[in-house]
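Descriptive structure summary
Here is how the chains run, residue by residue.
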Amino acid sequence: MTTEFTTHITKAVVDSLQGTADPRLRELLTALTRHLHAFVRETEPTMAEWEEAIDFLTATGQTCTDTRQEFVLLSDVLGVSMLVETINSDGRGDVTESTVLGPFHMTESPVRELGANIDLIGSGKACVVSGRVLSRDGTPLPGAVLDVWQANDQGYYDVQQPDVQPAGNGRGLFTADSEGRFWFRTCVPSPYPIPTDGPVGDLLRATGRHPYRPAHIHFIASAEGHTPVTTHIFVAGSEHLHSDAVFAVKESLVQDFTETDDPSLAQEFGTPNPFRLARFDLVLNPEPS
């Protein structure tokens, strides 16, 4: 009787959705209902457990602010963000692979000139990042736009330390030159823990998982006539490359930040010597004709 009735509930809810005008919304809600009901039938949560789940989601929403998105963080640590990214990528090996946006792309990056230093504090190891933005066939993309953001050398984003870091620290909006080239100065990022003072932190502790991410720099690269890519560049040799708390590491995105002792090159880039140098290209997929 119980099994028959629970199946009836699922059918009744699915039937109630058939009048949904948007066919895609109807498809999504129908699948969500079926899978959610199947989860409940499989696990048979107690009322106390279900109330705790509701409280967890309520706390997740209450933790969100203008500079923190706890639901994005929850999606990240459950691997859903990377699953959605992977499903929506075209899977081609000749373009830059995408990865998660992360919870700290919360502010508009300041427009900066090529070669500018986005490390406004200057406390970390000097680093130069340079490369090109290319189309899939290798054609440079002049005027491509790169939105860049990263944590400082202590593992914190500017929005996490408004009393310590100036707004816009570690961020920049750059426009590639006539040959699709870009370059900027910064500090070498460090591994860092995702925020653990909210419900997501409670979840990690309850499951015995660490909160750390390997060192990386975020990019969103876009160009006219091409599909934008949201990606990271991970520092080769960083801790946690094989245990990223948000499952975002792809081997193609791991890059060398080479120790460089070259006074003339340092002078060219306007950075102290020695410094770290990371060179790589971002390759975009043309939009379908």
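Refer to the preceding data block for the structure.
What you see is a predicted model, and the numbers here were worked out from it, not measured in a lab.

Regarding the overall build of the protein chain
A tally of regular secondary structure across the protein chain gives seven helices and 12 strands. Within the protein chain, the fraction of its 289 residues that count as buried is 42%. Across the protein chain, every contact between residues at least 6 apart in sequence was considered, and the portion connecting residues at least 24 apart equals 70%. Summed over all atoms, the accessible surface of the protein chain reaches about 15500 Å², with 55% contributed by carbon and sulfur.

Here we look at the side chain of D153
Tracing the sequence through the fold places D153 in the loop between β2 (145–149) and β3 (171–175). In this structure, D153 is buried with no salt-bridge partner, the nearest side chain bearing the opposite charge being K125 at 12 Å. A polar side-chain atom of D153 sits 3.0 Å from a polar atom in the side chain of S123. Not counting residues up to four positions away in its chain, the partners in contact with D153 are S123, G124, C187, V188 and S190.

Section: the environment of P189
By the secondary structure assignment, P189 is in the loop between β4 (181–187) and β5 (192–193). Spatially, the C-alpha atoms of P189 and D147 are 16 Å apart, while their sequence positions differ by 42 residues. Not counting chain neighbours up to four residues away, the residues in contact with P189 comprise Q150, A151, N152, A215, H216, I217, V235 and F257.

A word on unusual backbone geometry
Cis rather than trans, the peptide bond between N273 and P274 has omega equal to -5 degrees. Phi angles above zero are rare outside glycine, and H240 is one such case at about 75 degrees. Positionally, H240 belongs in the loop between β9 (229–235) and β10 (254–255). Located in the positive-phi region is F247, a residue other than glycine, with phi close to 60 degrees. Note on F247: relative accessible area 46%, which makes it partly exposed.

Re the side chain of Q150
Mapping Q150 onto the fold places it in the loop between β2 and β3. Engagement of the side chain of Q150 in a polar contact is seen with the side chain of T186, the distance being 2.8 Å. Ignoring anything within four residues of it in the chain, the contact list for Q150 reads I118, Y157, N169, G170, T186, C187, P189, H216 and I217.

About the cut-offs
Residues numbered from 1 in each chain as written. Predicted model: local features only at pLDDT ≥ 70, side-chain atom pairs only at ≥ 80, totals over all residues. Heavy atoms only, no water. Helix = DSSP H or I, 4+ residues; strand = E, 2+ residues; numbered from the N terminus. Buried < 20%, exposed > 50% of the residue type's maximum accessible area, 1.4 Å probe, protein only. Contact = heavy atoms within 4.5 Å. Areas by Shrake-Rupley, 256 points an atom, 1.4 Å probe, with all protein chains shown as cover. Lys, Arg positive; Asp, Glu negative; His and termini not counted. Salt bridge = Lys/Arg side-chain N within 4 Å of Asp/Glu carboxyl O. Polar contact = N/O pair within 3.5 Å; in protein donor to acceptor, adjacent residues only side chain to side chain.

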